[in-house]
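Structural features, examined
Below, each chain spelled out in residue letters.
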Amino acid sequence: MKNMIFLKAFLVGGLLCVIAQLLMDLTSHKVTPAHVLVGFVTGGVILSALGLYQPLVNWAGAGATVPLSGFGHLLAQGAIGGVKQKGVLGAFSGGVAATAAGITAAVVFGYLAALAFRPKG
Amino acid sequence: MAEVKDSQPLEIQKKEYQKMVQEVQPRPTVGRNVFWAFVVGGLISVLGQLFLNFFQARGLALPEAGAATSTVLVFLAALLTGLGVYDEIAKIAGAGSIVPITGFANSMVAPAMEYRGEGLVLGVGARLFTVAGPVLVFGIVTAWIVAILYYFFR
Amino acid sequence: MPAPKKNGLQTVWFQNPPVIISTATIVGSKEGQGPLGHTFDKVVEDNYYGENTWEKAERRMLKEAMQNAIQRASLQPQNVDYLLAGDLLNQIISADFVARDLGIPFIGLYGACSTMYEGLALGAMLIDGGFAEYVLVGVSSHYSTAERQYRYPTEQGTQRPLYASWTVTGAAAAVLAHQGNGPVITHATIGKAVDLGQGDPNNMGAAMAPAAADTMARHLMDTQRQPDYYDLFITGDLGTYGRELALKLMQQKGYDISTRFSDCGVLIYSPGQDAHAGGSGCACAGVVTCGYLMQEIKAGRLKRILGVATGALLSPCSYQQGETIPGIAHAVVIEGR
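Analysis parameters
Residues numbered from 1 in each chain as written. Chains lettered and ligands numbered in written order. Predicted model: local features only at pLDDT ≥ 70, side-chain atom pairs only at ≥ 80, totals over all residues. Heavy atoms only, no water. Helix = DSSP H or I, 4+ residues; strand = E, 2+ residues; numbered from the N terminus. Rg over C-alpha atoms; globule rule 2.2 N^0.38 Å. Buried < 20%, exposed > 50% of the residue type's maximum accessible area, 1.4 Å probe, protein only. Contact = heavy atoms within 4.5 Å. Areas by Shrake-Rupley, 256 points an atom, 1.4 Å probe, with all protein chains shown as cover. Lys, Arg positive; Asp, Glu negative; His and termini not counted. Charge placed at Lys NZ, Arg CZ, Asp CG, Glu CD. 1 Å grid on protein atoms, 1.4 Å probe; cavity = no way out; pocket = protein on both sides within 12 Å on 5 of 7 lines; lining within 4 Å. Points joined across faces, edges and corners; volume = space filled by probe spheres on them. Nonpolar A, V, L, I, M, F, W, Y, C, P; charged D, E, K, R; others polar. Domains from an automatic or database assignment. Buried area = accessible area lost by both parts, 1.4 Å probe. Salt bridge = Lys/Arg side-chain N within 4 Å of Asp/Glu carboxyl O. Polar contact = N/O pair within 3.5 Å; in protein donor to acceptor, adjacent residues only side chain to side chain.

**Considerations on the overall build of chain C**
Within chain C, the regular secondary structure consists of 10 helices and 15 strands. Its C-alpha atoms give chain C a radius of gyration of 18 Å, within 12% of the compact-globule value 20 Å for 337 residues. Considered along the principal axes of its C-alpha atoms, chain C spans approximately 55 × 50 × 35 Å. For chain C, with 337 residues in total, the buried portion stands at 65%. The long-range share in chain C, meaning contacts at least 24 apart out of those at least 6 apart in sequence, stands at 78%. When the accessible surface of chain C is summed, it comes to about 11600 Å², and 48% of that surface belongs to carbon and sulfur atoms. In chain C, which carries 25 positive and 31 negative side-chain charges, the distance between the mean positions of the two groups comes to 4 Å.

Below is the structure:
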């Protein structure tokens, strides 16, 4: 069934957000959305390095890549791939290279949106 | 019931008061929050999957299709933030709209827009990275450490 | 006697009670839609108020409220001896810039959301001490300027906890005079900064309730009065849960004020307005006192009230460094004449 991927994406993407929601609701006020985002990127990098994130991506597609842990996964795989190709230098270039499109899009669209719109408050 | 008496030592008063605050303060509506986080987070992922399939069908390889998907999602989030819609979604969706890459984009656009009055350099330019900065710092540093470990121990 | 007008530990009494001869209020649209909407002089629908930043909008509201209050007192700015004003923004820029425009000798105040009553208390002291004939007191706050300074930019997607409060957009001003017609200030109790270890910047009601209870109990002890002496105890911005905490703390101090205890933050919004625990900000105690409470006193429905404005003495720097939040509360007795 080729549409199963959508159900899997929904489940995994939703569950990752549930984990984050529980982190925010059940811990002290010191855990802010910024902390959750940082935690997800870092967690994604570590799970990816341990070889645990790629299977999730294979199974759930965008359900694993759209949450920010997927960004961490890309960073980790990029950095490791960089080492494979270029040695130590690749550790410096691979991660950001793999995520360059997302980062550039966020900076460019963020900048343009800030110029184009006025916050409503 | 917690009892806060002036005659108690301050440390005891603080402990007792903390108990009293716990008794009085409303609990977060965890069940409802989790439900909406699941639904909205899931739907954003499904949207991502739609774009991913679309770009692959147009002949892009998986990594490129993934990059294109991120780009589109980031664009949509920036637009909805500018229109003042994203924060309304997040009020209900919570982590469901914070954790996807769209939330990352929102966390860049929102401060940049608000600090426009402080100029393009120190206002928009600097504030784009209020939340994105820490995310990139921790992500890049951890990935670098992972890669260096891989270099030595592969 | 070194301090003949001091009563007990923290309370002062006024020999010739200064008169609140005029007040003025201005609020944003959310406040205008609230239960007290009809008690405010002006409701501004545009949260930019025709300016290009929210900071300028807040300033414009404060200036307008002050000019209004002066005009209603049939005075000119040069007749006013002192301007006592403050707000929530760093270095109290709203008050600073309005002071620049009005040209009245200016004493800048910072008492967080308690600033209105800090001003009323000090203004009354200046007048009864013989240092002033007219004193102008004013405060302002704005949801969007406060939100981005203390918490998140307004367009950022976050969930506010149920115990969070909503900063009131608006400004209030009052002219105190040596003599004239209007309600009078008979006593003031200056509060201590009280910290019972609360650290959540979203839960300011819990941080401020101990200070409110401390000041109210101290006032009753200093004046040797019983709670039924007052028609109403009204705190500034404790909100629903902070009010409940203050009530419990007062009970444990031996005072039952449950039948006569309200909170400006609870009154200003209705439950359906998504304000969660209630209103907060300098303008909360300010506009409710200068609008609703003044009208009730003038109409004779309230004869004697103890207003207790509360403030949470925090900054983003302090809570990010892990400090807890000291609360402050200043009480002023206002009587109808």
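Still more to cover.
**Re the environment of G14(A)**
Tracing the sequence through the fold places G14(A) in helix α1 (residues 4–26). Residue class for G14(A) comes out buried when judged on its relative accessible area of 0%. Residues G14(A) and G63(A) lie 49 residues apart in sequence; the distance between their C-alpha atoms is 7.7 Å. Non-local contacts of G14(A), meaning those with residues more than four positions away in its chain, are made with A9(A), A37(B), F38(B), G41(B) and G42(B).

**Re the layout of surface pockets**
The space that makes up the second largest pocket amounts to roughly 700 Å³. Along its surface, the second largest pocket is lined by 33 residues, and T65(A), L74(A), L62(B), P63(B) and G66(B) are the ones closest to its centre. Its residues assigned to classes, the lining of the second largest pocket shows 16 nonpolar, 16 polar and 1 charged.

**Some points on the domain arrangement of chain C**
Residue and element names in this part refer to chain C. Here chain C is partitioned into domain 1 (6–177) and domain 2 (184–335). One C-alpha centre belongs to domain 1, the other to domain 2, and the line joining them spans 17 Å. Every contact between the two is made by 61 residues of domain 1 and, on the other side, 62 residues of domain 2. Buried surface at the junction of domain 1 and domain 2, both sides included, amounts to about 5000 Å², of which 63% is carbon and sulfur. When residues of domain 1 are sorted by the area they lose upon contact with domain 2, Q10, C113 and Y117 head the list and together hold 17% of the total. Where domain 1 touches domain 2, the interface holds 0 salt bridges. Joining domain 1 to domain 2, the criterion identifies 24 residue pairs in polar contact (both at pLDDT 80 or more). Elements that contribute at least two residues to the side of domain 1 that touches domain 2 include exactly β2 (11–13), β3 (19–28), α1 (29–33), α4 (115–128), β7 (134–141), α5 (143–150), β8 (166–167) and β9 (170–177). The leading source of residues in the side of domain 1 that touches domain 2 is α4, at 8 residues. For the side of domain 1 that touches domain 2, the per-class residue count stands at 37 nonpolar, 18 polar and 6 charged.

**Observations regarding the interface of chain A and chain B**
Contact with chain A, which involves 62 residues of that partner, is made by 65 residues of chain B. Both sides of the chain A and chain B interface together cover about 5300 Å² of buried area, and 84% of this is carbon and sulfur. Considering only the surface of chain A that becomes buried against chain B, F6(A), F10(A) and V66(A) emerge as the three largest contributors, covering 12% of it. Counting the contacts that link chain A with chain B gives 0 salt bridges. The interface formed by chain A and chain B holds 5 residue pairs in polar contact (both at pLDDT 80 or more) in total. Those elements giving two or more residues to the side of chain A that touches chain B turn out to be α1, α2 (33–49), α4 (62–65), α5 (68–86) and α6 (88–116) of chain A. Tallied by class, the residues present in the side of chain A that touches chain B amount to 49 nonpolar, 9 polar and 4 charged.

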